[in-house]
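# Report on the structure
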Amino acid sequence: MVPLRYNIRSLFVRKVTTFATALGIAMVVFVLAGALMLNEGVNRAVQASARPDNVIVLRKGSDNELSSGFPQSNLAILTSPSQVAKGAGSVIGEIVVVVTAQRNGGDEGAISNITIRGMPEAGKTFHDVKLVSGAWPKPGTDEAIIGRAIDGRFLDPSGSGKPIETGNSIDLKRNRPLRIVGVFEASGSTYEAEVWGDVDVIRKHLGREGILSSARVRLSSPADYDAYKDILERDPQLSVKVSREADYLSSQSEGVAGLLSGLGIVIAILFSLAAMIGAAITMNAAVANRSREIGTLRALGFGKLAILTSFLFEAILLSVLGAVIGCVLVMVLTQFRFAVMNFQTFSEIVITFAASPAVFIVALIASIGMGLIGGLAPAIRAARVSPIEAMRS
Amino acid sequence: MNLATYARRNMFRRRGRTIWTMIAIALTVLIFCLIRTVLVSWEGSAEDAAQDRLASRHKVSFTMNLPLKYITDVRAVDGVVGATYANWFGAKDPLKRVPFMAGLAVDKDSFFEVSKEFSVDPAQLADWKATKNGVILGDILAEKLETGVGKTLKIESDIYPGDWEFKVAGIYTPNRKTADRMTMVMHWDMLNDDPRNAWGKDRLGWMLVNIKDSTRSAEVSKAIDRKFDEMDDQTLTMSERQFALGFVGALAAVLDALGYVSVGILLIMVLILANTVAMSVRERTNEYGVLRAIGFTPRHVATFILGESILVALAGGLLGVLLTFLLINNLAGPALVKQGGFFTFFHTPGWLMGLALLIALIVGVFAGLFPALRASRLRVTDALRRVD
């Protein structure tokens, strides 16, 4: 084996070339790790608000709460099976609508949608949320509470010009406001981009009395899911679809998450083609310039295989250097959060980049792969150098 | 041997390296054009949206509907030349041959008059008007659903439960490059008279309004909204273009990120070319000393290096533009549009290819400039003495 120190020193001799090549690989790692972190961020946001023993009930044929709807009277049927957790507040019926709101500080066309969720009093304990400021709305009144992700970021749709924040209101229809009395947090989940109020008041405001969009049910144990699903979905009168809360929530953001991370990964693969050519050029030049050295090494008794592994190792070292630079740079992204429209639910989704060991392991493996592919041909060339000719040149 | 010959021969002295550098540059140009084409197609769909057509919907939420009589009021507003209305049907293919399709329930008499981007054969249109369960399909949608005029079509809805059976009465083709080709157009009456729509009876989803003078779109929009200001259901009226821009704006963060990424690939281009040039210059430092010693000026040396860098960059750029033309405009683009997904057009415009070439030229200058300056400043004795 050629000593590893030989490779490290060789890389340092050509500082500019080494750095330029490593930087190219760093760009690939940056884009790849960024895409993976984004996917991780969305997954974490989804998992943050899901419990394994919670299920969501929608009307059969509906893919989301917006298009779903069934009569309030069905709630009793959802409550009766034995799998439902004992005690009050295990079943809550909710109404979900989206309202159009202009971004605070944006121009007139900069409109987006925010989700309004009406729930019974038990909703605040059913969902795992905490009060950040203000107070919880009093049940049966037009009071409402907003998630911290949208606090102050939108204007009241009535055109009053006031931001949606504590002390102001949202007009659902003319003179039918929801008064904001507080802000809540939901461990970074998508609920934080919603407005929550009383189910009856919101339904009355919208003229949808007696209708529910969806129901959430707490089961005694996650293992009861299949039995419960079976009972409800077999009932032809009921005509509902039962899903685990986590599955439902991830299906609601899989479009956006898939599009964004898919786009990132495709771009990273394209980038890596260019970066691999860059690595190959650099390693090829290294081999060409060092043929005399290689000849000397061969004359000293190092075999072809030793030369091959030595140059492959140098290529991997180069790409790992790039990976380290890329991973350090990508950590900057964890400071950013941005909001895009979730085109499945039409509501805002706040996206963050979340680092995890898996992200960096994948990035490292990808960079080693790039080094191996880019360095293979030059390494084979190096192994083929004839010691006699090389030392004569 | 003249100077040009010298430069050309020098360029291909390390043939493998030069060719690989060109390929890498071509690749970066292709990737740059690809990312930029995504942006152009995305933003272009908004720019191309009709400016002389207004859309009017419920002010509070696009999921809420408006009383049917509003259409009569809107038609009477000054400056309006025609108006129609539609409801979202939430159509889904039960056999999942298409992941997404648009289903509109429209006023049969006015919809195709106002929506001029859809062109329908007059005979098919007349036939559709006379058939209550008739639908007109976009050309790509019809192809994907493996159906044609005269056939029956079973569609589900995620709003109105159960099966819906239609008769395909016609196929429309787009008149504009941004017109959606995945839409199913059904009769509004069919939906309105169905018991499954009892809660939404005699309510319309949104209105489309043609105006006489596109420069007055803001004014007419305000006049419409003012008309319903005192009602229970208020309206939000804007030009279709403004709505489309708002939609693009909601994804602005993604577009910005793509923009940054496209600059990232240019950085890789610079790194690869600068690396190649720097390596060549280092290998030939001795020769530059010889050239200087036999009477070539520093300017000659700088020109050799810069010229070589620019030549490689331009050759790579040209190759990249050629690849873009072949792969994006003639292969992937048409396939993507045929797929009937997100993009109604996907085409790298000529100016973008020109821009990519210009960038390649600038990158060539940039990558060659510093090695050229450094080499031209070398003292002859130092250059001759240097061994690598």
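Residues numbered from 1 in each chain as written. Chains lettered and ligands numbered in written order. Predicted model: local features only at pLDDT ≥ 70, side-chain atom pairs only at ≥ 80, totals over all residues.

Glancing now at the overall build of chain A. Across its full length, chain A holds 11 helices and 14 strands. The C-alpha radius of gyration computed for chain A amounts to 29 Å, which surpasses the reference 21 Å derived for 393 residues by more than 25%, pointing to a less compact arrangement than a globule. Seen through its principal axes, chain A has C-alpha atoms that stretch 95 × 50 × 30 Å. Taken over 393 residues, chain A has a buried fraction of 48%. Considering only residue pairs separated by 6 or more positions, chain A has 80% of its internal contacts joining residues 24 or more positions apart. (Helix = DSSP H or I, 4+ residues; strand = E, 2+ residues; numbered from the N terminus. Rg over C-alpha atoms; globule rule 2.2 N^0.38 Å. Buried ≥ 20, exposed ≤ 12 C-beta atoms within 10 Å, placed from the backbone. Contact = placed C-beta atoms within 7 Å.)

What follows is about the domain arrangement of chain B. Interfaces are often sized by the accessible area lost when the parts come together. All names here are of chain B. Considered domain by domain, chain B is made up of domain 1 (3-46 + 252-385) and domain 2 (60-233). Computed over C-alpha atoms only, the centres of domain 1 and domain 2 are separated by 49 Å. At the interface, five residues of domain 1 touch 10 residues of domain 2. Residue composition of the side of domain 1 that touches domain 2, by class: one nonpolar, three polar and one charged. (Domains from an automatic or database assignment. Nonpolar A, V, L, I, M, F, W, Y, C, P; charged D, E, K, R; others polar.)

As a further point, take the interface of chain A and chain B. Contact residues are listed per partner, giving 47 residues for chain A and 45 residues for chain B. Counting residues per element, the ones that place at least two in the side of chain A that touches chain B are α2 (15-48), β3 (91-102), β4 (111-119), β7 (169-173), α7 (245-289) and β13 (337-341) of chain A. Per-element tally for the side of chain A that touches chain B: the top contributor is α7 of chain A, with 15 residues. Grouping the amino acids of the side of chain A that touches chain B by side-chain chemistry returns 28 nonpolar, 14 polar and five charged.

So, about the domain arrangement of chain A. Residue and element names in this part refer to chain A. Under the domain assignment, chain A is made up of domain 1 (4-47 + 252-392) and domain 2 (61-238). Distance from the C-alpha centre of domain 1 to the C-alpha centre of domain 2: 46 Å. The partner domain 2 presents 13 residues to the 12 residues of domain 1 that form the contact. For the side of domain 1 that touches domain 2, the secondary structure elements donating two or more residues are α2, α7 and β14 (348-352). By residue number, the principal contributor to the side of domain 1 that touches domain 2 is β14, which donates three residues.

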